[in-house]
There are 2 protein chains.
Amino acid sequence: MSTPIPDIDDDKALRTSADRVFEALQDAIVRGDIAPGSRVGETDLAERFGTSRGPLREALRRLESRRLVERTPHVGIRIASLSPEALVEIYFVREALEGMAARMAALHMTDAEIAGLRALLVAHQQDEALRSDTAYFQQEGDLDFHYRVIQGSHNAALTELLIGELYHRIRMYRYQVSAYPNRPQKAFAEHQRIVEAIEARDGDLAEMLMRRHISSARRNFEQLMKENA
Amino acid sequence: MSTPIPDIDDDKALRTSADRVFEALQDAIVRGDIAPGSRVGETDLAERFGTSRGPLREALRRLESRRLVERTPHVGIRIASLSPEALVEIYFVREALEGMAARMAALHMTDAEIAGLRALLVAHQQDEALRSDTAYFQQEGDLDFHYRVIQGSHNAALTELLIGELYHRIRMYRYQVSAYPNRPQKAFAEHQRIVEAIEARDGDLAEMLMRRHISSARRNFEQLMKENA
DNA sequence: TCAACGTCTATTGTCGACAATCCACCCCGC
DNA sequence: GCGGGGTGGATTGTCGACAATAGACGTTGA
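Fair warning: this is a prediction, and the values are worked out from it, not measured in the lab.

Draft legend 1. Up close: the interface of chain A and chain B. Taken together, the 34 residues of chain A in the interface contact 35 residues of chain B. Contact between chain A and chain B buries roughly 3000 Å² in total, counting both sides, with carbon and sulfur atoms accounting for 55%. At the surface where chain A touches chain B, the tally comes to 12 salt bridges. The partner of Glu58(B) in a salt bridge is Arg57(A), and the shortest N-O contact between them spans 2.6 Å. In this assembly, chain A and chain B are joined by 18 residue pairs in polar contact (both at pLDDT 80 or more). Secondary-structure elements contributing two or more residues to the side of chain A that touches chain B are α1 (17–31), α3 (53–65), α4 (84–108), α7 (156–176) and α9 (203–228) of chain A. For the side of chain A that touches chain B, the element with the most residues is α4(A), which contributes 10 residues.

Structural data, given as structure tokens:
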């Protein structure tokens, strides 16, 4: 108890209480401020977020849709915990979706967007030169890169699925196991070649490279799991 | 079609009222019993489904997550209507995801599942021989075929995304525009070749064929839209 | 006549209380 | 001592009432 949860977002931009709780609670879950797998009571949560159980339950239903909490009727809710196996499953989904996103990005990104993407890579290169092995920063940068490619697809359904649903779970896992090594220099090189393909407006190549990029990250992760077992 | 809303599911298997309303309302939206794009009041809906506004709002939040209703704070909710452009976007997502599903189905489906899949095709062939142009039936059969391949991937994340989220919107569109022609005989031939690839355990081929199958359905749809405009 | 303002009503957002259900613990019988 | 049933407590599910907001309508002034 005490003040375990980072302050509720008091910003009034999100009008309703249910929306604020939804964002705050999602953030708390993703950041691991609430232990994954733990059972939580509605009354406690409502009190903690300074609202009543009505809006809280609405927020919970949305989090349930996003697979961030699991609910069993008349029993309660528990914070979702992503197993390594489930993460591997998501890797396959990412490979398919982001591959398609890269293809469409190569076809539909504006020149300005591509320029911004390359600028991002340059920034990463400099940062990486300094702090070569701090995986965390690279991970956030990695997310940034993928975000931009996804949005570059100009496909709202695709973007919503990836950023709105999948990425929260992935980030949750990254917080759970604090920064597992993820070959930053190699990933960076792959990013660079993806951008080159996009610049060349080569959809086939962009998709292929992105799929290889993600599937090799998956294999790296699977290897890591095998070693730790 | 007489009763305005298909009877609320009185089955007690779904324990809570919010769950029942969620399913019933989703069904009503998908079937078009509530006009797409129409504004609906919470009080009306609650009364219509025989519950109070509390559970109804929880159901609405989940439907909002599935993009079946759109909500603007302090104003109300409106039933989502899927534009042709949005459907095209979803076709691309399907192409990526179902392509991956076909690949994984070729690798992971059990022999029994494959046998069932082929049996389904045989049944389709016979039915289709009789009613060669009734698109509706073929469509439901089409869904059935795709369902099985998706579940054959044995990837829960993939299955949940496709069947749990995307397919409701697709079905909604099929009800909206009553049975647009979708080249049943050609689709059937494509299904057959996909099954052959799965039987051969050829993941690469299965994915390629499935992607072609879906993208050619998309192009067929886009062509149709152009003609009607 | 038109536009801007203010009021007013209908609808949504929020809350607290009550009812229903489950789980843990205890008691009783074997 | 052990298993089964029952009871108590706590938690979730549901409801009706109240507060707050937005949009519609009428009014007033130029």
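We are not done yet, so read on.
Draft legend 2. Expanded view of the protein's contact with DNA strand C. Neighbouring residues of DNA strand C: 20 residues in total, closest Ser17(A), Thr51(A), Arg15(B), Arg53(B) and Arg57(B). Counting only the atoms of DNA strand C that lie within 4 Å of the protein, the sugar and phosphate share comes to 73%. Arg15(B) is positioned with one of its side-chain polar atoms (N or O) 2.7 Å from a phosphate oxygen of DNA strand C. Within the side chain of Arg71(B), a nitrogen or oxygen atom sits 3.1 Å from a phosphate oxygen of DNA strand C. Listed by contribution, the elements that provide at least two residues to the surface near DNA strand C are α1 and α3 of chain A together with α3 (53–65) of chain B. Considering only residue class, the surface near DNA strand C consists of six nonpolar, eight polar and six charged.

Draft legend 3. Molecular detail of the sheet that holds strand β2 (residues 69–72) of chain A. Residues and elements named next belong to chain A. One open sheet holds the three strands; their spatial order is β1-β3-β2, and the pairing between them is antiparallel. A single partner strand is all that each edge strand has here, and the edge strands are β1 (39–40) and β2. Bridge analysis of β2 against strand β3 (residues 76–79) gives four bridges, and the strand direction is antiparallel. By the bridge assignment, arginine 71 is partnered in β3 with isoleucine 77.

Draft legend 4. Just the packing of aromatic side chains, in detail. Residues and elements named next belong to chain B. By the definition in use, this model includes six aromatic pairs over all chains. Judged by centre distance (5.5 Å) and plane angle (65°), the rings of tyrosine 147 and tyrosine 167 are edge-to-face. With tyrosine 147 in helix α6 (residues 135–152) and tyrosine 167 in helix α7 (residues 156–176), this residue pair connects regions lying 20 residues apart in the sequence. On the basis of relative accessibility, which here comes to 25%, the residue tyrosine 147 falls in the partly exposed class. Ring centres of tyrosine 173 and phenylalanine 221 lie 5.7 Å apart, and the angle between their planes is 80°; this geometry places the pair in the edge-to-face category. Of this pair, tyrosine 173 sits in helix α7 while phenylalanine 221 sits in helix α9 (residues 203–228), and the two are 48 residues apart along the sequence.

Draft legend 5. Summary view of the relation of the copies chain A and chain B. Under the fitted operation, chain A is carried onto chain B by 0.0 Å of movement along the axis and a turn of 180°, and the coordinates agree to an RMSD of 0.1 Å. Accordingly, the operation relating the two chain copies is best matched by a two-fold axis.

Draft legend 6. Representation of unusual backbone geometry. The phi dihedral of His74(A) falls on the positive side, at around 70°, and the residue is not glycine. Looking at the element boundaries, His74(A) is found in the loop between β2 and β3.

Draft legend 7. Representation of the packing of helix α4 (residues 84–108) of chain B against α7(B) in the model. Residues and elements named next belong to chain B. Running from N to C, α4 and α7 cross one another at 145°; their axes reach a closest spacing of 11 Å. The element α4 and its partner α7 pack so that their crossing is left-handed. Together, Pro84, Leu87, Ile90, Val93, Arg94, Leu97, Glu98, Met100, Ala101 and Met104 of α4 and Leu158, Leu161, Leu162, Leu166, Tyr167, Arg169, Ile170 and Tyr173 of α7 make up the contact between the two elements. In terms of residue class, the contact of α4 with α7 is made up of 15 nonpolar, no polar and three charged.

Draft legend 8. Examining the pattern of salt bridges more closely. Considering all chains together, one arrives at 38 salt bridges over all chains under this definition. Arg61(B) is the salt-bridge partner of Glu58(A), the closest N and O atoms lying 2.2 Å from each other. In this pair, Glu58(A) is assigned in helix α3 and Arg61(B) in helix α3, connecting two distinct chains. A residue is classified by how much of its surface remains accessible, and Arg61(B), at 2% relative accessible area, is buried. Between Arg218(A) and Glu95(A) there is a salt bridge, with its nearest N and O atoms 3.5 Å apart. Residue Arg218(A) is found in helix α9, and its partner Glu95(A) is found in helix α4; the two are separated by 123 residues along the sequence. Accessibility expressed as a relative area gives 10% for Arg218(A), which makes it buried. With a relative accessible area of 9%, Glu95(A) lands in the buried category. It is possible to trace a salt-bridge network through shared partners that takes in Asp19(A), Glu58(A), Arg62(A), Glu42(B), Arg53(B), Arg57(B), Arg61(B), Glu64(B) and Arg71(B).

Draft legend 9. Molecular detail of the protein's contact with DNA strand D. In the vicinity of DNA strand D, 20 residues are found, and the nearest of them are Arg15(A), Arg53(A), Arg57(A), Ser17(B) and Thr51(B). One of the backbone N or O atoms of Glu42(A) is found 3.1 Å from a phosphate oxygen in DNA strand D. Ser17(B) places a polar main-chain atom, nitrogen or oxygen, 2.3 Å from a phosphate oxygen of DNA strand D. Taken together, the residues of the surface near DNA strand D break down into six nonpolar, eight polar and six charged.

Draft legend 10. Inspection of the side chain of Arg94(A) at higher detail. One can find Arg94(A) in helix α4. Excluding anything up to four places from it in sequence, Arg94(A) contacts Gly99(A), His146(A), Leu166(A), Tyr167(A), Ile170(A) and Ile214(A).

Draft legend 11. Molecular detail of the environment of Met172(B). Tracing the chain through its elements places Met172(B) in helix α7. Dropping the residues within four chain positions of it, Met172(B) is found in contact with Ile29(B), Val30(B), Leu68(B), Ala80(B) and Leu82(B).

Draft legend 12. Here's a closer look at the sheet that holds strand β2 (residues 69–72) of chain B. Ordered in space as β1-β3-β2 (chain B), the three strands form an open sheet in which the pairing is antiparallel. Each having just a single partner strand, β1 (39–40) and β2 of chain B make up the two edges of the open sheet.

Rules and cut-offs
Residues numbered from 1 in each chain as written. Chains lettered and ligands numbered in written order. Predicted model: local features only at pLDDT ≥ 70, side-chain atom pairs only at ≥ 80, totals over all residues. Heavy atoms only, no water. Contact = heavy atoms within 4.5 Å. Buried area = accessible area lost by both parts, 1.4 Å probe. Salt bridge = Lys/Arg side-chain N within 4 Å of Asp/Glu carboxyl O. Polar contact = N/O pair within 3.5 Å; in protein donor to acceptor, adjacent residues only side chain to side chain. Helix = DSSP H or I, 4+ residues; strand = E, 2+ residues; numbered from the N terminus. Near = heavy atom within 4 Å. Nonpolar A, V, L, I, M, F, W, Y, C, P; charged D, E, K, R; others polar. Pairing = 2+ DSSP bridges. Phe/Tyr/Trp six-rings, centres within 6.5 Å; stacked < 30°, edge-to-face > 60°. Buried < 20%, exposed > 50% of the residue type's maximum accessible area, 1.4 Å probe, protein only. Least-squares fit on C-alpha atoms with pLDDT ≥ 70 in both. Axes fitted to C-alpha atoms, helices over the stretch in contact; angles between N-to-C directions. Left-handed = near helix turned anticlockwise from the far one by under 90°.

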